[in-house]
Amino acid sequence: MKNIFNLSKTILGAGLLLLAMNSCKNEPKQENSKEVAGNINAKGSDAAFVDAAASIHLSEMEIGKLELMNGSSPDVKKLAETILADHKKSLSDLKMLANEKTITLPTKVNEEGRKEYDSLNKVASVDFDKKFIEVMTEGHDEAIEKMTEISKNATDDDIKEWASDQIVTLTS
């Protein structure tokens, strides 16, 4: 009987010891699901901002190429070359930033950009340069608005800084 009592005390003591050791584990704390969802949503909105910026650059570049093919004014063609070079550089910088942030960028013009391109491509050659300037002016204004939105609302400081740099380029 005494042996059973001692065995019970040993088992009970071992159980308490295991319980105490288990509660003292150095495991990472469980994250609050709302906090995790907030981080995912923040990254999602930043990814959407970066995606929108890339789409702007891709569209402007395609329209610039269209001017080089269909335009007639040497001055407007020169403007298109400058626009093309500026957007290429900005898109390159954005690609590096997106890679750092593990954000995938679009590689093709989106549907809205394609419609704008197709519409401009249908313009008669005599009116093409004028229409190109109108389209690029609208696009330029929209790009400034989008970069301002990103610079204010992105959650990632690097993305905000990139957008702010874009505003400087677009307004100079």
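Residues numbered from 1 in each chain as written. Predicted model: local features only at pLDDT ≥ 70, side-chain atom pairs only at ≥ 80, totals over all residues. Heavy atoms only, no water.

**Observations concerning the packing of aromatic side chains**
Part 1: Taken as a whole and judged by the stated rule, the model has 0 aromatic pairs.
Part 2: Looking at R114, its charged tip hangs above the ring of Y117, at a distance of 4.9 Å from the centre. (Phe/Tyr/Trp six-rings, centres within 6.5 Å; stacked < 30°, edge-to-face > 60°. Lys NZ or Arg CZ within 6 Å of the ring centre and 35° of its normal.)

**What to know about the environment of Y117**
Part 1: Relative to the assigned elements, Y117 resides in helix α4 (residues 111-121).
Part 2: In this structure the C-alpha to C-alpha distance between Y117 and G64, which are 53 residues apart in sequence, comes to 9.7 Å.
Part 3: Leave out the neighbours within four places in its chain, and Y117 touches E62, I63, L66 and M69. (Helix = DSSP H or I, 4+ residues; strand = E, 2+ residues; numbered from the N terminus. Contact = heavy atoms within 4.5 Å.)

**So, helix α3 (residues 74-100)**
Part 1: A rise of 1.5 Å per residue sets the reference length of α3, with its 27 residues, at 39 Å; its end C-alpha atoms lie 39 Å apart and thus fit the reference within 8%.
Part 2: Within the span of α3, buried status applies to V76, A80, I83, L84, H87, S90, L91, L94, L97 and A98. (Expected span 1.5 Å × (residues − 1). Buried < 20%, exposed > 50% of the residue type's maximum accessible area, 1.4 Å probe, protein only.)

**Observations regarding the side chain of S151**
Part 1: If you trace the backbone, S151 turns up in helix α5 (residues 125-153).
Part 2: In this structure, S151 is in contact with K160, A163, S164 and I167, ignoring residues within four places of it in sequence.

**Brief notes about α5**
Part 1: With 29 residues, α5 extends 41 Å between its outermost C-alpha atoms, agreeing within 8% with the 42 Å of an ideal straight helix rising 1.5 Å per residue.
Part 2: For α5, every residue scored as buried is listed here: F128, D129, F132, V135, M136, G139, A143, M147, I150 and S151.

**So, the pattern of salt bridges**
Part 1: In this structure the tally under the stated criterion is 7 salt bridges.
Part 2: Close ionic contact of K146 with E149 constitutes a salt bridge, the shortest N to O distance being 3.0 Å. Of this pair, K146 and E149 are both found in helix α5, 3 residues apart, which corresponds to roughly one turn of the helix.
Part 3: Through salt bridges that share partners, K101, D156 and D158 make up one connected network. (Salt bridge = Lys/Arg side-chain N within 4 Å of Asp/Glu carboxyl O.)

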